[in-house]
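Structural description and commentary
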Amino acid sequence: MRKLSFLALLIFLLNACTDFTTDREIEAALRVDIAYLADDKLEGRAIGTQGEKLAAAYIVEAFERIGLEPKGTEGYYQSFKANPTNAANSAGVEGKNVVGYINNEAAQTVVIGAHYDHLGFGSEGSLYRGERAVHNGADDNARGTAAMIQLATLLKDKSDNFNYLFLAFSGKENGKWGSGFYTNNATVDLSTINYMINLDMVGRLNAEIELHLSGVGTSPIFSENIRLANADSLQLITLASGTGPSDHASFYAKNIPVLHLNTGEHEDYHRPGDDADKINYKGLVKIVRFTERLIEELDEEAKLAFTKTKDQPIANSG
């Protein structure tokens, strides 16, 4: 009888683990996604270019493979136009947000976002002063996009306390165009968004395993849940402010609690040297796992209260 009970328990545990994703599998998938998104053939993924369109199509394919519902205005896509010159006779440039959704029929939705555009061959945002060169933006922000895709994989069919909206933004490098457009033309009711997590430049975890978290003050519940989620003993550098130069600020402006994850600037920031071979992949896996645990902790909470924060100086990121 004891043997039979043990066998039944073993079968139960094996069945319960069929959806388990190992760190090795996550790392392998991150390498594939970043290798594509930061390849020279995408020519730096500047908004309105063929490289941006190829990157957007790649993200759509990933969302389809995972089984996310389309939640854009044209399937997974949400197109927008921006006028970089502000000239009346300018047709502007068209960008595309990519929007996928896990619909758990819940009252509230959690947003996980990352921008996928970069600087193309440089443009005014580049800190490089040499000959014209592709800015592949592996850390900025192919790796944040890849991390978002992995979180979609991990969260699919895992929890039904909240819905999950996955947003890949374009036009961030030009001034948060994509996220600004989305929050003004949202495909879900903004009042139902519980909080937003922004993954922007999380690919260079250093030897001190320092992870920057801004927006911690935008909800009183964040600090304790961040502590509980930090099983890998990351050295967390926190900032209360919800403002800043990345896409979370567009949601903060709509009174939505936000968190921005970032591993800090480096010598390749907004330069041609930001390539896939310089990503700390094992460190990126730690950040994916930390974010997964944080979302699980917050899944046990009711709708988060929003807190307005004082603006604080913050380094450029993304």
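Residues numbered from 1 in each chain as written. Predicted model: local features only at pLDDT ≥ 70, side-chain atom pairs only at ≥ 80, totals over all residues. Heavy atoms only, no water.

1. Looking at the nonpolar core
Convention followed: We call a set of buried Ala, Val, Leu, Ile, Met, Phe, Trp, Tyr and Cys residues a nonpolar core when their side-chain atoms join them within 4.5 Å. Burial classification: accessible surface area is computed with a 1.4 Å probe over protein chains only, and a residue below 20% of its type maximum counts as buried, one above 50% as exposed, and the rest as partly exposed. Numbered from the N terminus, helices here are DSSP runs of H or I no shorter than four residues, and strands are runs of E no shorter than two. Here a residue-residue contact requires only that any non-hydrogen atoms of the pair lie within 4.5 Å.
Among the nonpolar cores identified, the biggest contains 62 residues, and I34, I112, F166 and L261 are the most heavily contacted of them. The leading source of residues in this core is helix α4 (residues 138–155), at 10 residues. Not counting chain neighbours up to four residues away, the residues in contact with I112 comprise M148, L151, L155, Y164, L165, F166, L167, I197, L199 and I295. Counting residues in each nonpolar core, the second largest holds 14 residues, with V111, L165, L167 and F169 among its members.

2. Some words on the packing of aromatic side chains
Note the following rule: The criterion for an aromatic pair is that two Phe, Tyr or Trp rings (for Trp, the six-membered ring) have centres within 6.5 Å, with stacked assigned to planes under 30 degrees apart, edge-to-face to planes over 60 apart and tilted to the rest. Charge-over-ring contacts are defined here by two conditions on Lys NZ or Arg CZ: a distance within 6 Å of the ring centre and an angle within 35 degrees of the ring normal.
Inspection of the entire model under this criterion finds 6 aromatic pairs. Consider the rings of F63 and Y76, whose centres lie 6.2 Å apart with planes at 55°: the pair is tilted. Placement of the pair is F63 in helix α3 (residues 50–66) and Y76 in the loop between β1 (69–70) and β2 (77–82), with a sequence separation of 13 residues. Like F63, the residue Y76 is buried in the burial classification. The ring centre of Y77 lies 5.2 Å from the NZ or CZ of K96, which sits over that ring.

3. Structural notes on the pairing of strand β3 (residues 93–102)
What counts, and what does not: Strands qualify as paired when DSSP identifies two bridges or more between them.
In terms of burial, β3 is largely enclosed, as 9 of its 10 residues are buried. Looking at chain direction, β1 and β3 are connected through 2 bridges and run antiparallel. Within β3, the residue paired with P70 across the bridge is G100. With 6 bridges joining them, β2 and β3 adopt antiparallel strand pairing. Of the residues in β3, the one forming a bridge with F80 is G95. Pairing geometry for β3 and strand β5 (residues 163–169), over 5 bridges, is antiparallel. Counterpart to I102 in the pairing with β5 is Y164.

4. Some words on α4
The following threshold applies: Every helix has an expected span of 1.5 Å times one less than the residues it contains.
Across its 18 residues, α4 extends 24 Å between first and last C-alpha, which sits within 8% of the 26 Å expected from 1.5 Å per residue. Most of α4 sits out of view: 17 of its 18 residues are buried. Just downstream of α4 lies D157, where phi reads positive at about 65°.

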